[in-house]
Amino acid sequence: TQVRAAHALARRRVKSLDVCNVGVPVSQYDLAFTLMAFSLIALDGVINDFDQTLTPSEVDDYLHLWRVLGSLHGILDDFNPCNTREDALEILKDINE
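These numbers come from a predicted model, not from an experiment.

Chemist: Just checking my understanding: could you explain the side chain of Ser-39 for this structure?
Modeler: With respect to the helices and strands, Ser-39 occurs in the loop between helix 2 (28-38) and helix 3 (40-49). The buried category is assigned to Ser-39, whose relative accessible area is 0%. One polar contact links the side chain of Ser-39 to the main-chain carbonyl oxygen of Leu-35, over a distance of 2.7 Å. If we skip the residues at most four places from it in the chain, Ser-39 touches Tyr-62, Trp-66 and Cys-82.

Chemist: Would you mind going over the side chain of Asp-44 with me for this structure?
Modeler: For Asp-44, the position within the fold is in helix 3. What makes Asp-44 buried here is its relative accessible area of 13%. Those residues in contact with Asp-44 that sit more than four places away from it in its chain are Asp-49, Leu-92 and Asn-96.

What counts as what
Sequence positions are assigned chain by chain, starting from 1 and proceeding in written order. For this predicted model, a pLDDT threshold of at least 70 governs which residues receive local features, and a threshold of 80 or more governs which side-chain atom pairs are given and counted, while totals over whole chains, interfaces and linings are taken from all residues. Heavy atoms from the whole structure form the basis of all side-chain values; hydrogens and water molecules are not counted. The secondary structure listing takes helices from DSSP runs of H or I that are at least 4 residues long and strands from runs of E that are at least 2 residues long, numbered from the N terminus. The classification of residues rests on relative accessible area computed with a 1.4 Å probe and restricted to protein chains. Under 20% of the type maximum is buried, over 50% is exposed, and intermediate values are partly exposed. Whenever a nitrogen or oxygen atom comes within 3.5 Å of another N or O atom, the pair is scored as a polar contact, on the condition that within protein one atom can donate a hydrogen and the other can accept it, and that pairs from neighbouring residues in sequence are kept only if both atoms are in side chains. The contact criterion used is simple: two residues touch if any of their non-hydrogen atoms lie within 4.5 Å.

The structure is reproduced here in structure tokens:
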């Protein structure tokens with residue numbers, strides 16, 4: 001698709017400029033998606049698959065941990081799926097539909 005072609009061109013351009021000599025740059029979308037796989041989908045498993053009840057405080061604490069981990073991995077707040085409990089639970093609802 002056009003988006004993948006644009007990303008491939010951008011990667012080649014960055015590599016040719018030798019400005020990223022530690023590997024291929026990763027997009028915010030890819031970073032956020034990976035964070036979501038480890039955080040929100042695990043949270044969904046605890047709540048739904050293991051039929052556990054978590055308090056709002058426990059969910060907030062768990063999401064805070066993953067929000068910080070996402071930040072340490074370079075995810076900008078605008079792209080972090082763990083910003084608020086409401087946002088995270090809305091994403092989970094969309095995934096489960």
